[in-house]
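# Summary of structural features
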Amino acid sequence: MALEHAILVSLLEQPGSGYELARRFDRSIGRFWTATHQQIYRVLRRMEADGWVAAEEVAQDGRPDKKVYSAAGPGRAALAEWLREPVEPETVRHELAVKIRAAAFDDPAALTVLISEVERHRESHSALLARYLHGEQRDFPDLGALDVQQELQHVVLRGGIEFERMNLAWLDDVLTTLRRLADGRGAGDGETANRRQVTESEIC
């Protein structure tokens, strides 16, 4: 997927200026495709030059005219072609997970540092979940009256909500494990006593 496709989807949902489009990415599109404002403006100009989007000057009272973009025929065709292409499962690159495993080979004091790092990640994911839940209440107050576009927007948002809940559950598990190890207790002590041993082939 390219940024162009995300921009086309957003403009098909609602035409807008470059500024409005960038704000939309901050508010909702960024749930599944992040981009800086500079990237959005740069790609938008290229899409206009290629005929993928059309621009219309719109007058504003007391303010300069603004340029409102909408998806043009070639852009719609490109999106339709992309929509029919297969999507491969995403490859996960999780630096924090590698750090957690690497802590076994450092000084035991590293566990305390790692605990602080995991707590920071947990705060970030907790804030993002709160943002998603707020957005769900704001944008989908009546789940029984959604049209097709809203249904598909909501199912993507639900995926984000469940993903963050999964992240928080895992981070809580990590913190429990790290704190137990930092206290000098082994796997046989406390709540993990009955967990089966995991082989190297299962975790690699």
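See above for the structure.
Attention here is on the structure that accompanies the text.

What counts, and at which threshold
Residues numbered from 1 in each chain as written. Predicted model: local features only at pLDDT ≥ 70, side-chain atom pairs only at ≥ 80, totals over all residues. Heavy atoms only, no water. Helix = DSSP H or I, 4+ residues; strand = E, 2+ residues; numbered from the N terminus. Buried < 20%, exposed > 50% of the residue type's maximum accessible area, 1.4 Å probe, protein only. Contact = heavy atoms within 4.5 Å. Axes fitted to C-alpha atoms, helices over the stretch in contact; angles between N-to-C directions. Parallel < 35°, antiparallel > 145°, perpendicular 65-115°, else oblique. Left-handed = near helix turned anticlockwise from the far one by under 90°. Core = buried A, V, L, I, M, F, W, Y, C linked by side-chain atoms within 4.5 Å. Patch = residues over 30% accessible without salt bridge, like charges linked within 9 Å, V, L, I, M, F, W, Y side chains within 5 Å. Areas by Shrake-Rupley, 256 points an atom, 1.4 Å probe, with all protein chains shown as cover. Salt bridge = Lys/Arg side-chain N within 4 Å of Asp/Glu carboxyl O.

The subject of this paragraph is the side chain of His5. The residue His5 is located in helix 1 (residues 3–13) in this model. We classify His5 as buried; its relative accessible area is 12%. Among residues more than four places away in sequence, those in contact with His5 are Ala78, Leu79 and Trp82.

Running from N to C, helix 2 (residues 18–27) and helix 3 (residues 37–49) point in directions that differ by 135°, and their axes come no closer than 10 Å. Relative to helix 3, helix 2 is oriented oblique. Helix 2 and helix 3 meet at a crossing whose hand is right-handed. Across the interface between the two elements, Gly18, Tyr19, Leu21, Ala22, Phe25 and Asp26 from helix 2 touch His37, Ile40, Tyr41 and Leu44 from helix 3.

Right, let's get into helix 1. What sets the pattern is the α-helix's 3.6 residues per turn: residues three or four places apart point alike. Taken across its 11 residues, helix 1 has 8 buried, putting it largely inside the fold. Every buried residue belonging to helix 1 is among Leu3, Glu4, His5, Ala6, Ile7, Leu8, Ser10 and Leu11, and all of these are buried. Taken together, the buried residues of helix 1 touch helix 2, helix 3, strand 1 (53–60), strand 2 (63–71) and helix 4 (73–83).

Within the secondary structure, Leu143 sits in the loop between helix 6 (110–139) and helix 7 (148–182). Distance from Leu143 to His154, taken between C-alpha atoms, is 9.0 Å for residues 11 residues apart in sequence.

Here Leu129 is to be found in helix 6. Leu129 sits in the buried class, given a relative accessible area of 11%. For the pair formed by Leu129 and Arg165, sequence separation is 36 residues and the distance between their alpha carbons is 7.2 Å. Excluding its chain neighbours within four sequence positions, the residues that come into contact with Leu129 are Ile161, Glu164, Arg165 and Leu168.

What follows deals with the nonpolar core. Residues Ile7, Leu11, Leu21, Phe25, Ile40, Leu44 and Val53 are the most contacted members of the largest nonpolar core, which totals 18 residues. Put simply, the parts of the chain that give this core at least two residues each are helix 1, helix 2, helix 3 and strand 2. A total of 5 residues in this core trace back to one element, the largest contributor, which is helix 1. Formed by 10 residues, the second largest nonpolar core is a distinct cluster that contains Ile115, Val174, Leu175 and Leu178.

This brings us to a nonpolar patch on the surface. Judged by side-chain polarity, Phe32, Val148, Leu152, Val155 and Val156 come together as a nonpolar surface patch covering roughly 460 Å² of accessible area. By the element assignment, Phe32 lies in the loop between helix 2 and helix 3.

This part covers the environment of Met166. Its location among the elements puts Met166 in helix 7. For the pair Met166 and His125, spaced 41 residues apart in sequence, the C-alpha to C-alpha distance is 9.9 Å.

The values are spatial; any link to function lies outside them.
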